[in-house]
Each structure stands twice: as structure tokens, then as C-alpha cells.
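A look at the structure
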Amino acid sequence: MALFIASGMQAVMEGASAYADNEQMLLSAQLREEALVHREFEIQWRRQDVAYKALEKYRRRVDHKRHLVDEKSRQLSLLAELCSLVSAFQMIVLYEQQLPGLEEVWYSDVLLALWGIGSLVVPCVDLCIMVVAALINFDILEVSSREGHELAPPHPDDLYTEDGRNPEGIVVSPELFLHLWYTRYDNKFRHMVLAFSYTLPLFMFNLALTSLVKFHHSPAVAWITFGICILGTALWLRCHNGLITHLVWRPKG
């Protein structure tokens, strides 16, 4: 009887041990399966994190490019506004100036020729600068508006290339926009700034000639106002050497 009980106890213990081993194996298999699933999720999370960081980097570069586009657009708009202001002043002076009759005073043909030519050159040049600046502004804004899909960077074949293989490609980075600017527009922008800077002293010189015509009845007043305009021209030339030269200067290469 005792032997039967002992064998029964041993069988129960062996069964319990086998059951525990089986449960341990099942638990280990479940843990390994969960570890594999967690590993797959971790790989997906890392891929999503890398894609998200790449998208954030792409968006930051696009935002930086937009900031540069806004800066260039404001520069062109400011240049166009200044040109329209000066040309409007010149046309008002030309329109409002009333020449006295020939029986009242005699003017030199050279004086009238200089005054007429200068009064027309200033608005014509400024009008051309204003139109070209507006066209360049339209062009860079149109180029900046083509950025591809908002949630994914464009394909490399669709991008603007610096070697000229795809000149109409998408510009999404500040480096590409700066290359586009210096390749297409910077030289024109410098020439427009220089041309506008030369119309300012010409406008002041026209004011000086206008003062001679306006105050013909008082030579002293005419020459005083003429001297003031010439002084303003000299001051602008001093500013020109300190500001315009710096604005249009570019390093070689």
C-alpha cells in the first residue's frame, strides 16, 4: 500500500513537473513571440521616426527657402516703389512747371534741352526698372510656388539642378534658390540698383534747372535754389559711394 502511494505521489510529481515544464515552454514561446512582435513594432517606429525627421528637415529647408524668396521679393518691391516715387515726382515737376512767355525772358536752348532731356530720362529709366523688377518678382514667386507635394519631398529628377540639366525644375532648398538667383537675376538686380542710383542725382540736377526757370524773375533766388539742389546732389554722391557700392559689390567667383 505504501509502495502504491509512493508510486502515485511520484507520478503526480512527475506530471506536475511535466506540466510546469510545458507551461514554461509555452510562456517562453509566448515571450519570444511578443519580443519578435515588439521588435517589428520598434523597427516600424524607427522607420517612421526617420521618415518624420526627414520630412521635418525638408520642411525646414523649404521654410528657409521661402524666407529667402520673401527677402528678395521685398527688395524688388522696394526698388520698384522707389522708382515709381521718383518718376512720379519728376513728372509732377515737369507737368506743373509753367514756362514764361518768350517776350518775358529768354532761355538758352542748351538749358531748355538739358532740362527737357533730364526730365524725360528720369521717368523713362525708372519706369523700365520698375517693370523689370516686377517681372523678376513675379518669376521668383512663381518658381517658389512649385514645391511638389506638401507631405513628401519631390523626386530628385524633378528638382532644379545647378548644372543646367533641369532649369525649370522644382526649387525646394535655399542653396538651389540662391544658385537660381545668382545665375538668372542677380546681375540684372545690380544693374537696376545702379541705374536707379544714377537717376537720383539727375533728378536733383533737374530740380536745379527747374529752379532757374521757375525763379527767372529773381536771379539771386534762382541761383540759391540751384546751389541747394547741387549740394543735395553732392550729398547723394557721397551716400552713393558708401551704400550703393556696397550693395552691388560681389566677391569674385
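Please read these numbers as outputs of a predicted model, since none were measured by experiment.

Counting secondary structure elements, the chain contains 4 helices and 0 strands. Put simply, the chain has 253 residues, and 29% of those count as buried. Split by element, the accessible area of the chain, about 17,100 Å² in all, is 67% carbon and sulfur.

On to the packing of helix α2 (residues 109-145) against helix α3 (residues 174-214), then. A pair of packed helices can be characterised by two numbers: the angle between their axes and the separation between those axes. Remark: α2 packs on α3, axes separated minimally by 8 Å, with the N-to-C direction vectors making an angle of 155°. Here α2 is positioned roughly antiparallel relative to α3, judged by the angle of their axes. In the crossing of α2 with α3, the sense of the turn from one axis to the other is left-handed. Looking at the contact of α2 with α3 residue by residue, the class counts come to 23 nonpolar, 5 polar and 3 charged.

Let's shift gears to the packing of aromatic side chains. Two measures describe an aromatic ring pair: the distance that separates the ring centres and the angle between the ring planes. The final tally for this structure, using the stated rule, is 2 aromatic pairs. Aromatic side chains Trp-181 and Tyr-185 sit 5.8 Å apart centroid to centroid with 50° between the ring planes, which places their arrangement in the tilted category. You can see Trp-181 and its partner Tyr-185 sitting in helix α3, 4 residues apart, about one turn around the helix. We classify Trp-181 as buried; its relative accessible area is 0%.

Within the element layout of this structure, Asn-206 appears in helix α3. Ignoring anything within four residues of it in the chain, the contact list for Asn-206 reads Gln-90, Leu-114, Trp-115, Gly-118, Ser-119 and Val-122.

Mapped onto the secondary structure, Asp-126 falls in helix α2. It turns out Asp-126 is buried and unbridged, and the closest side chain with the opposite charge, Arg-190, is 18 Å from it. Ignoring sequence-local partners within four residues, the contact set of Asp-126 consists of Cys-83, Val-86, Ser-87, Phe-196 and Thr-199.

Right, let's get into the pattern of salt bridges. Summed over all chains, the structure comprises 2 salt bridges. Taking the shortest distance from any N to any O, the salt bridge between Glu-175 and Arg-61 comes out at 3.0 Å. In this pair, Glu-175 sits in helix α3 while Arg-61 sits in helix α1 (residues 2-96), placing the two residues 114 residues apart along the sequence. Glu-175 sits in the partly exposed class, given a relative accessible area of 43%. Notably, a salt bridge pairs Asp-63 with Arg-66, separated by 3.6 Å at the nearest N-O pair. Taken as a pair, Asp-63 and Arg-66 lie in helix α1 at a separation of 3 residues, close to a single helical turn. When its relative accessible area of 43% is taken as the criterion, Asp-63 is described as partly exposed.

Before going further, it helps to examine the confidence of the model for the chain. Here the chain averages 77 in pLDDT, while 75% of its residues score no lower than 70. Looking across the chain, the model is least confident in α1, with a mean pLDDT of 75, and most confident in α2, with 87.

A word on the nonpolar core. Counting 28 residues, the largest nonpolar core has Leu-76, Leu-79 and Met-192 as its most contacted members. Every element with two or more residues in this core is listed here: α1, α2, α3 and α4 (219-248). No other element matches α3, which puts 11 residues into this core. In this structure, Leu-76 is in contact with Ala-133, Ile-136, Asn-137, Ile-140, Trp-181, Phe-189 and Met-192, ignoring residues within four places of it in sequence. Core analysis: the next-biggest nonpolar cluster, separate from the first, contains 8 residues, Leu-111, Trp-115, Leu-212 and Ala-222 among them.

Rules used throughout
Residues numbered from 1 in each chain as written. Predicted model: local features only at pLDDT ≥ 70, side-chain atom pairs only at ≥ 80, totals over all residues. Heavy atoms only, no water. Helix = DSSP H or I, 4+ residues; strand = E, 2+ residues; numbered from the N terminus. Buried < 20%, exposed > 50% of the residue type's maximum accessible area, 1.4 Å probe, protein only. Areas by Shrake-Rupley, 256 points an atom, 1.4 Å probe, with all protein chains shown as cover. Axes fitted to C-alpha atoms, helices over the stretch in contact; angles between N-to-C directions. Parallel < 35°, antiparallel > 145°, perpendicular 65-115°, else oblique. Left-handed = near helix turned anticlockwise from the far one by under 90°. Nonpolar A, V, L, I, M, F, W, Y, C, P; charged D, E, K, R; others polar. Phe/Tyr/Trp six-rings, centres within 6.5 Å; stacked < 30°, edge-to-face > 60°. Contact = heavy atoms within 4.5 Å. Lys, Arg positive; Asp, Glu negative; His and termini not counted. Salt bridge = Lys/Arg side-chain N within 4 Å of Asp/Glu carboxyl O. pLDDT = per-residue confidence, 0-100. Core = buried A, V, L, I, M, F, W, Y, C linked by side-chain atoms within 4.5 Å.

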